[in-house]
Amino acid sequence: MAKVGLAYDLVNLDCLNGQPIDCVAELDSEETIQAIETAIESAGYEVVRLEANEDFVDKLRASHPDIVFNVAEGMHGDCRESQVPAMCEFYRIPYTGSGVLTLAMCLNKAITNQVLTCSNVLVPPYQVFNSRDEMLQLGDEFPLIVKLLHEGSSMGLSRKSIVDDENALREQVDFVINTYHQPVLVQKYIIGREFTVGVLGNRDPYTLPITEVTFKDPFGIVTFYPDEEVLPMIERTCGKGFMEDLKRRYIPKKTICPADISPELAERINRTVINAYKAMKCRDWARIDLRMGANDKIYVLELNPIAGIAPGYWLPNSAEVAGLNYESFINTILDIAWERVHSNHHPNQASMAEETIRELIYSN
């Protein structure tokens, strides 16, 4: 029986140390890890849990899994998502998902935008700020949006993130830098429809059904809100007043999958997604967020090579629409990674997992 190591980070409010609550946005709940573990076990694997804390290397060496299913986001630094893959490579243990360089680049929005631009993938105009006093180079691009440079999962985003003038911009830049202690990416805010698309595969990657994210407010953005299973933990730690404030700051959204769009638009979105996936050298799986502006141009906002895959999240839900239940979705990622590892020794061998799942998706 093959052994799969499950690398992950658990939500732990004790590690906040006065930081904002959304600093745990990318960490997983016990319920999510249990769901992934059960899914992998359903395919006949032995699963060993490898929480990616300070003891990760010792646990990895002691268990020596045949492959690591990696959903760990890393703990510290601006290349944290690369930490688990780097340690796996050091010990020559294969793992699912993108490699060290891709994960490091995708966590830096400016570098991602540079690579995409060089690959003729459209991104909104942007500028990195290290302090509030830097010269603004996007003066005619308002409204702008202020994002953390090295974070995902909507960390640092709120209604104040979208700014209409330079004074509001500098106030928000100053707040975000001093609160999260890292540079910010200031980018033209694209008013228009938002989409998110999952990708599976390597040699000939393919897209899952497109999801549209809708808001009542034309300036709506995806903001952080904890998973249901984490809410009691937050309320116990922070109190009911904090929870009420968190709900007030949350921007409601709705998702539609498959998106109600024309075949022509779907084709343009999918082509953009695959081009971005290939440009960033993603592997096995990812989720890519986009917006279509008023000029019908499609802009890539972000690549998520370690996207949320808890049951009911956007990516597993899209897979479900394609005919893959949760267990099949998780094991498809694992199968694709296995075949990638094997094809490194047999580069001309076609991926049976990719072909089988592609046929299932496109037949629905």
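Just so it is clear, the model here is predicted, and its values are computed rather than measured. (Residues numbered from 1 in each chain as written. Predicted model: local features only at pLDDT ≥ 70, side-chain atom pairs only at ≥ 80, totals over all residues. Heavy atoms only, no water.)

Caption draft 1: Spatial organisation of the overall build of the chain. Helix and strand counts for the chain come out as 12 helices and 13 strands. Counting every position in the chain, which comprises 364 residues, the buried fraction comes to 54%. Once local pairs closer than 6 in sequence are excluded, the contacts in the chain between residues at least 24 apart make up 71%. Split by element, the accessible area of the chain, about 16,600 Å² in all, is 51% carbon and sulfur. (Helix = DSSP H or I, 4+ residues; strand = E, 2+ residues; numbered from the N terminus. Buried < 20%, exposed > 50% of the residue type's maximum accessible area, 1.4 Å probe, protein only. Contact = heavy atoms within 4.5 Å. Areas by Shrake-Rupley, 256 points an atom, 1.4 Å probe, with all protein chains shown as cover.)

Caption draft 2: Layout of the packing of helix 2 (residues 56–63) against helix 3 (residues 83–90). Contact geometry of helix 2 with helix 3 gives a least axis separation of 11 Å together with a crossing angle of 40°. In terms of axis orientation, helix 2 runs oblique to helix 3. Crossing geometry of helix 2 relative to helix 3 is assigned as right-handed. Within the contact between the two elements, helix 2 uses Phe56, Val57 and Leu60 and helix 3 uses Val84, Met87 and Cys88. (Axes fitted to C-alpha atoms, helices over the stretch in contact; angles between N-to-C directions. Parallel < 35°, antiparallel > 145°, perpendicular 65-115°, else oblique. Left-handed = near helix turned anticlockwise from the far one by under 90°.)

Caption draft 3: View of the nonpolar core. In terms of nonpolar packing, the biggest core is built from 30 residues, with Ile36, Ile40, Phe69, Leu200, Ile309, Phe329 and Ile330 touching the most fellow members. Looking at this core, the elements with two or more residues in it are strand 1 (3–8), helix 1 (30–41), strand 3 (67–70), helix 10 (314–321) and helix 11 (326–343). The dominant element in this core, judged by the number of residues it contributes, is helix 11, at 7 residues. Dropping the residues within four chain positions of it, Ile36 is found in contact with Leu6, Phe69, Val71, Ile309, Tyr326 and Ile330. Core analysis: the second largest hydrophobic core is formed by 28 residues, Tyr277, Met292, Ile298 and Leu303 among them. (Core = buried A, V, L, I, M, F, W, Y, C linked by side-chain atoms within 4.5 Å.)

Caption draft 4: Up close: the pairing of strand 5 (residues 144–148). With 5 of its 5 residues buried, strand 5 lies for the most part within the structure. Judged from the 2 bridges that link them, strand 5 and strand 6 (residues 162–163) form a sheet pairing that is antiparallel. Each bridged residue has a counterpart across the sheet, and for Leu144 the counterpart in strand 6 is Val163. Relative to strand 7 (residues 184–188), strand 5 runs antiparallel, the two sharing 5 bridges. What sits directly across from Leu148, in strand 7, is Val184. (Pairing = 2+ DSSP bridges.)

Caption draft 5: Fine view of the sheet that holds strand 6. Sheet architecture is open: 4 strands sit in the order 4-7-5-6, paired in antiparallel fashion. Only two strands of the sheet have a single neighbouring strand rather than two, namely strand 4 (126–129) and strand 6. In the packing of helix 6 (residues 166–180) onto the sheet, the strands contacted are strand 4, strand 5, strand 6 and strand 7, and the crossing angle to strand 5 comes to about 10°.

Caption draft 6: Examining helix 2 more closely. Along helix 2, the residues that are buried comprise Phe56, Leu60 and Ser63. Seen end-on, helix 2 carries its buried residues on one side only, within an arc spanning 80°. When the buried face of helix 2 is taken as reference, the exposed residues oriented beyond 90 degrees from it are Asp58, Arg61 and Ala62. Those residues of helix 2 hidden inside the fold are in contact with strand 1, strand 2 (46–51), strand 3 and helix 3. Looking one or two residues beyond helix 2, the residue adopting positive phi is His64, at roughly 40°. (Arc of directions from axis to C-beta.)

Caption draft 7: Spotlight on the packing of aromatic side chains. A complete count under the given rule lists 2 aromatic pairs for this structure. For the pair Phe90 and Tyr91, a centre-to-centre distance of 5.1 Å together with 80° between the ring planes defines the contact as edge-to-face. Among the residues examined, Tyr91 registers a relative accessible area of 27% and is labelled partly exposed. Plain terms: the ring middles of Tyr189 and Phe219 are 5.7 Å apart, the flat faces sit at 20° to each other, and that makes the pair stacked. In this pair, Tyr189 sits in the loop between strand 7 and strand 8 (193–200) while Phe219 sits in the loop between strand 10 (211–214) and helix 7 (231–238), placing the two residues 30 residues apart along the sequence. With a relative accessible area of 34%, Phe219 lands in the partly exposed category. (Phe/Tyr/Trp six-rings, centres within 6.5 Å; stacked < 30°, edge-to-face > 60°.)

Caption draft 8: The arrangement of the side chain of Gln127 in detail. If you trace the backbone, Gln127 turns up in strand 4. A distance of 2.7 Å separates the side chain of Gln127 from the backbone oxygen of Met135, its partner in a polar contact. Of the polar contacts made by the side chain of Gln127, one reaches the backbone nitrogen of Gln137; its length is 2.8 Å. Those residues in contact with Gln127 that sit more than four places away from it in its chain are Met135, Leu136, Gln137, Leu138, Val184, Leu185 and Val186. (Polar contact = N/O pair within 3.5 Å; in protein donor to acceptor, adjacent residues only side chain to side chain.)

These values are about where atoms sit, not about what they do.
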